[in-house]
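# Structural overview for review
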Amino acid sequence: MSKKTSNTQRQVTWVIILIFLIITTTIGGFFWIKYELDKKNNNNNNGNQGEIEKEKAREVKRVELISKAGVLVSGYFYEEAIELLKSDSDIYNDKMKGEVKKIEDFVADLQPYTGRIEQVFFHSLIVYPQLAFGPTSAEPQGYNYWMTTELEFQRMLPLLMERGYVLVHIGDLYDVDAQGNVTEKELYLPEGKRPLLISIDNVGYPESRKKDGFASKLILDDKGEVTAVIRNLEGVEVVSRTGEVFPIVDDFVKANPEFSYRGAKGMVGITGSWGVMGYDPKIASEAAEAKKIANRMRETGWQFVSHSYTHAAGKYFSETSTLEGVKEDTELFKKWIVPIIGDSNVFIAPFGVTVKGDLYQYFIDEGYSFYLNVDRRSQPKILGKSVLMPRINLDGFVMNRDKAYITEHFFDVDKVYDSRRPVFQ
Ligand SMILES: [Zn+2]
């Protein structure tokens with residue numbers, strides 16, 4: 001083999017090795033780059049996927065908050081709704097800002113209410129007309145006049161709501177300062193809405209009522225909600241959410257938050273000598289039970305007010321009331337009932353009697369800034385350091401004797417009136 005041949009062969013070998021190296025490097029590099037790129041892409045995809053999931057979760061939270069804020073707005077809790085929408089910075093975006101703006105604009109447009117102030121009142125509901133108007137009833141005529149049946153009450157609520165009525169507290173309409181001066185307060189309601197005060201008188205359950213188809217007492221159920229106990233047609237005591245005004249209103253407001261201004265329900269008028277919601281204030285264990293119920297009801301928008309201790313005529317509440325009589329009554333109420341239901345600045349006059357002069361002043365001096373009587377046409381009047389407030393009884397008497405007025409101002413009586421009532425005389 002010549003030297004030249006040998007050199008040429010070596011060169012060829014080197015070229016082959018070189019080409020081989022170039023090829024393997026290129027292929028290896030290609031795969032390495034591809035591997036790295038794939039890795040990167042994968043990471044990116046995983047990252048995007050994670051971000052998408054997080055955003056989905058945020059959006060779910062947003063929808064939830066917006067819906068909760070909507071319920072608050074229907075119940076006139078505007079500030080609270082805005083606070084809720086702003087409560088989580090992690091989800092606060094343009095959409096949430098838009099929701100806040102909608103509420104702020106809505107609130108800015110509200111005007112103070114200037115129309116009539118209506119107050120209606122009820123007694124305990126007749127749940128079984130068969131008993132209330134039947135042969136064993138203690139006073140079928142009285143019940144037909146002054147009572148409302150459960151059916152009528154259930155029919156009234158949606159009709160009152162249709163007319164724009166919204167339950168409010170007296171405190172939403174008036175301010176009382178430390179010196180006892182009372183002034184009107186501006187109430188901002190959406191257009192078409194108007195305030196309604198309701199009170200329920202004589203919330204105690206004497207034996208005669210228990211057997212006549214009315215509730216026997218109020219209790220708290222296992223969810224802590226106030227519920228009625230009632231003796232049914234078979235004489236068996238059953239628990240019923242439709243046995244009395246309170247659970248019916250609670251459930252109605254839960255379903256229709258726009259019927260209650262910031263959770264307001266009504267006034268519970270306690271008559272001392274009738275007991276407190278079915279409990280004897282002079283028996284310690286019963287008083288304690290009644291206090292528990294009253295506390296819970298206050299939390300759910302009810303206010304407890306005085307409807308006197310004796311609920312008696314003569315020297316107490318009549319044309320011949322005396323200062324000594326009303327003093328004795330008020331002191332008994334403060335001794336036995338106030339420790340259970342707490343202090344109140346509202347007095348519901350028995351029989352709607354408006355005591356005069358010194359006697360009226362006595363109630364003001366005792367801290368009763370609001371004196372409630374019965375009058376179907378008048379409007380509240382500020383008298384010295386008090387407001388004299390008229391109320392309308394939505395019962396058999398008024399639905400018969402003042403049907404046109406009730407239909408004009410509250411609801412179509414024909415849509416409410418219970419045909420199980422005896423003929424009105
Ligand atoms: Zn009464």
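Now for a quick tour of the structure.

Calculation criteria
- Residues numbered from 1 in each chain as written.
- Predicted model: local features only at pLDDT ≥ 70, side-chain atom pairs only at ≥ 80, totals over all residues.
- Helix = DSSP H or I, 4+ residues; strand = E, 2+ residues; numbered from the N terminus.
- Buried ≥ 20, exposed ≤ 12 C-beta atoms within 10 Å, placed from the backbone.
- Contact = placed C-beta atoms within 7 Å.
- Expected span 1.5 Å × (residues − 1).
- Arc of directions from axis to C-beta.
- Axes fitted to C-alpha atoms, helices over the stretch in contact; angles between N-to-C directions.
- Parallel < 35°, antiparallel > 145°, perpendicular 65-115°, else oblique.
- Left-handed = near helix turned anticlockwise from the far one by under 90°.
- Nonpolar A, V, L, I, M, F, W, Y, C, P; charged D, E, K, R; others polar.
- Core = buried A, V, L, I, M, F, W, Y, C linked by C-beta atoms within 7 Å.
- Pairing = 2+ DSSP bridges.

### Topic: the overall build of the protein chain
From N to C terminus, the protein chain includes 15 helices and 17 strands. Sorting the 425 residues of the protein chain into buried and exposed places 37% on the buried side. Once local pairs closer than 6 in sequence are excluded, the contacts in the protein chain between residues at least 24 apart make up 65%.

### Quick notes on helix α9 (residues 284-299)
Taking 1.5 Å as the rise per residue, α9 with 16 residues should run 22 Å; its terminal C-alpha atoms sit 23 Å apart, in good agreement. Along α9, the residues classified as buried are Glu289, Ala290, Ile293, Ala294 and Met297. All buried residues of α9 project into a common sector of 135 degrees when viewed along the axis, lining one side. Looking at α9, the residues exposed on the side facing more than 90 degrees away from the buried face are Ala284, Ser285, Ala288 and Glu299. Lining the buried residues of α9 we find β8 (215-220), β9 (226-231), α8 (245-255), β11 (267-270), β12 (303-306) and α11 (338-341). Looking one or two residues beyond α9, the residue adopting positive phi is Gly301, at roughly 100 degrees.

### Considerations on the environment of Ile198
The residue Ile198 is located in strand β7 (residues 194-200) in this model. When the 21 C-beta atoms within 10 Å are taken as the criterion, Ile198 is described as buried. Remark: the alpha-carbon pair of Ile198 and Asn393, spanning 195 residues in sequence, is separated by 9.8 Å. When near neighbours in sequence (up to four residues on either side) are disregarded, Ile198 contacts Val120, Phe121, Leu167 and Gly266.

### Thoughts on the packing of helix α2 (residues 78-85) against helix α3 (residues 94-109)
Following both chains from N to C, one finds α2 and α3 inclined at 170 degrees, their axes separated by 10 Å at the closest point. What the angle tells us is that α2 and α3 run roughly antiparallel. Both α2 and α3 take part in a crossing whose hand is left-handed. Taking contact as the criterion, the partners of Tyr78, Ala81, Ile82 and Leu85 in α2 are, on α3, Met96, Glu99, Val100, Ile103 and Val107. Each residue belonging to the contact of α2 with α3 can be placed in one class, and the counts come to 8 nonpolar, no polar and 1 charged.

### Some details on the nonpolar core
Taken as a class, soluble globular proteins show a tendency for nonpolar side chains to be buried jointly. By size, the foremost hydrophobic cluster in this structure holds 87 residues, and its most contacted members are Leu196, Val268 and Val346. The biggest single contributor to this core is helix α6 (residues 150-162), with 5 residues. Leaving out residues up to four positions away in the same chain, Val268 has contacts with Ile200, Val203, Met297, Trp302, Gln303, Phe304 and Val305. In this structure, Leu65, Ala69, Ala81 and Leu85 belong to the second largest nonpolar core, which totals 6 residues.

### Quick notes on the sheet that holds β9
In sheet architecture, strand pairing relies on hydrogen bonds along the backbone and comes in two forms, parallel and antiparallel. Strand order in the open sheet formed by 3 strands is β8-β9-β10, and the pairing between neighbours is antiparallel. Each end of this open sheet is capped by a strand with a single partner; those strands are β8 and β10 (237-240). Pairs of neighbouring strands in the sheet enclose a mean axial angle of 30 degrees, with direction left out of account. Running at roughly 70 degrees to β8, α9 makes contact with β8 and β9 of the sheet.

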